[in-house]
Amino acid sequence: MAHTTIKVTRDLRDRLQCQAAAEHRTLGEHLAHLASLSDRQQRLARLRSEIDATSPRDVAFYREESSWWESAQDA
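Residues numbered from 1 in each chain as written. Predicted model: local features only at pLDDT ≥ 70, side-chain atom pairs only at ≥ 80, totals over all residues. Heavy atoms only, no water.

(A) Region of interest: the confidence of the model for the protein. Here the protein averages 95 in pLDDT, and 99% of its residues register 70 or above. Looking across the protein, the model is least confident in helix H3 (residues 56-74), with a mean pLDDT of 91, and most confident in helix H1 (residues 10-22), with 98. (pLDDT = per-residue confidence, 0-100. Helix = DSSP H or I, 4+ residues; strand = E, 2+ residues; numbered from the N terminus.)

(B) A nonpolar patch on the surface, seen in detail. Taken together, the side chains of Ile6, Val8, Leu12, Leu31, Leu34 and Leu37 make up a nonpolar region of the molecular surface, amounting to roughly 450 Å² of accessible area. Ranked by residue count, the leading element in the nonpolar patch is helix H2 (residues 27-52), at three residues. (Patch = residues over 30% accessible without salt bridge, like charges linked within 9 Å, V, L, I, M, F, W, Y side chains within 5 Å. Areas by Shrake-Rupley, 256 points an atom, 1.4 Å probe, with all protein chains shown as cover. Salt bridge = Lys/Arg side-chain N within 4 Å of Asp/Glu carboxyl O.)

(C) Expanded view of the pattern of salt bridges. Evaluation of the coordinates by the stated rule reveals one salt bridge. Among the ionic pairs, Asp14 bridges to Arg13, the shortest N-O distance being 2.9 Å. By relative accessible area, Asp14 is classed as partly exposed at 33%. With a relative accessible area of 34%, Arg13 lands in the partly exposed category. (Buried < 20%, exposed > 50% of the residue type's maximum accessible area, 1.4 Å probe, protein only.)

(D) Representation of the layout of surface pockets within the structure. By volume, the largest pocket is sized at about 170 Å³. Lining the largest pocket, in full, are Met1, Ala2, His3, Thr4, Ile6, Gly28 and Leu31. Classifying every residue of the lining of the largest pocket by side-chain character gives four nonpolar, three polar and no charged. (1 Å grid on protein atoms, 1.4 Å probe; cavity = no way out; pocket = protein on both sides within 12 Å on 5 of 7 lines; lining within 4 Å. Points joined across faces, edges and corners; volume = space filled by probe spheres on them. Nonpolar A, V, L, I, M, F, W, Y, C, P; charged D, E, K, R; others polar.)

(E) A look at the packing of H1 against H2. In contact at an axis separation of 9 Å, H1 and H2 are set at 90° when each is read in the N-to-C sense. It follows from the interaxial angle that H1 and H2 lie roughly perpendicular. Seen from H1, the contacting residues are Leu16, Gln17, Gln19 and Ala20; seen from H2, they are Leu27, His30, Leu31 and Leu34. Its residues assigned to classes, the contact of H1 with H2 comprises five nonpolar, three polar and no charged. (Axes fitted to C-alpha atoms, helices over the stretch in contact; angles between N-to-C directions. Parallel < 35°, antiparallel > 145°, perpendicular 65-115°, else oblique. Contact = heavy atoms within 4.5 Å.)

(F) Molecular detail of the environment of Asp52. Tracing the chain through its elements places Asp52 in helix H2. Its relative accessible area of 65% is what places Asp52 among the exposed residues. With 20 residues separating them in the primary sequence, Asp52 and Ala72 have C-alpha atoms 28 Å apart.

What follows is the structure, given as structure tokens:
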């Protein structure tokens, strides 16, 4: 795997290293973890936006179909 250098302030580097050490991660592992968290937050924000944009008719259809599936599983 190729490595690279990124420029950050010493304060930020030290802060990230402390966070990484507290979680028993290397700095690289910690940065990957932070990137994954950011990706997840973006996916959830898109999902919230899509849910908010769902029409009342589609929400009613979803609830009706979900209810049907739940009752079919209980049978």
